[in-house]
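In case you want the letters, here they are:
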Amino acid sequence: LPRQSSTDPVERKAAEWLMSQKPRFDTGRMTEDEEAALRRAHPLIAQRLDTWRARGRRPHKRNGDLASRADCLTQLQHIISRYNRLPRQSSTDPVERKAAEWLMSQKPRFDTGRMTEDEEAALRRAHPLIAQRLDTWRARGRRPHKRNGDLASRADCLTQLQHIISRYNRLPRQSST
């Protein structure tokens, strides 16, 4: 796999992108389709995913008991119905605060284009106030994903990763040996 310590900037970016997938995998935010696409990309990537799985997935620490996207949306709808407003991160109610934190955790995904159309549609359907918030985020404009530079889309990253693995016939390493 590509190395993050490589002198080749394309290889370095591909390695960074692959390593950026580990937190998504560990926290269960990587969809089954995304995992399957990675596994199909190259046997070395499949081995890396197996290693990650063997080490175990960690629970998503930031959201506590708001484990799944569906649970988060349900809790968010409940808070909006209860208070007739979006949840506040400054609330003394821990459930409201967690719902607010979860909603705000969606903004970087929205801004960088990592939120799927289906996920955005589900948020919009959840409540008109959420749809208004998404409109506000859109009006401010999406920022490019800074960490991955010109590897803008998941498909581009995966293609570049396949190219690097074929070129070097190895998985990426955090540092050179």
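Criteria and thresholds
Along every chain, residues carry numbers that run from 1 in the direction the sequence is written. Restriction of local features to residues with pLDDT of at least 70 applies here, the model being predicted, together with a cutoff of 80 or more for giving and counting side-chain atom pairs; totals for whole chains, interfaces and linings are based on all residues. The side-chain values count all of the structure's non-hydrogen atoms but skip hydrogen atoms and water molecules. Put simply, two rings from Phe, Tyr or Trp (the six-membered ring, in Trp's case) pair if the centres are within 6.5 Å, and we call them stacked under 30 degrees between planes, edge-to-face over 60, tilted for the rest. The helix and strand labels rest on DSSP assignments: H or I over at least four residues marks a helix, E over at least two residues marks a strand, and numbering proceeds from the N terminus. Remark: exposure states derive from per-residue accessible area (1.4 Å probe, protein chains only) relative to the maximum for the residue type, with buried under 20%, exposed over 50%, and partly exposed in between. Expected helix span is taken as 1.5 Å per residue step, with the number of steps being one fewer than the number of residues. Contacts between residues were defined by any pair of non-hydrogen atoms, one from each residue, lying within 4.5 Å.

Draft legend 1. Broad picture of the packing of aromatic side chains. Within this structure, the stated rule accounts for two aromatic pairs. Geometrically, the ring pair formed by F25 and W52 is tilted, given 5.7 Å between the ring centres and 55° between the ring planes. Placement of F25 in helix α1 (residues 9–26) and of W52 in helix α3 (residues 43–55) is noted, with a sequence separation of 27 residues between them. Look at W52 and you get buried, because its relative accessible area is 1%. The interplanar angle of 55° and the centroid separation of 5.7 Å between the aromatic rings of F110 and W137 together place this pair among those described as tilted.

Draft legend 2. Here's a closer look at helix α4 (residues 69–83). When the terminal C-alpha atoms of α4 are compared, their 21 Å separation across 15 residues agrees well with the 21 Å that a helix rising 1.5 Å per residue should span. Along its buried surface, α4 packs onto α5 (94–111), α6 (117–126) and α7 (128–140). At the exit of α4 stands N84, carrying a positive phi of roughly 60°.

Draft legend 3. Focus on the environment of L86. Looking at the secondary structure, you find L86 in the loop between α4 and α5. Through-space distance from the C-alpha of L86 to that of R133 is 9.0 Å; in sequence the pair is 47 residues apart. With residues up to four places along the chain from it excluded, the contact list for L86 reads I80, E96, L103, L129, I130 and R133.

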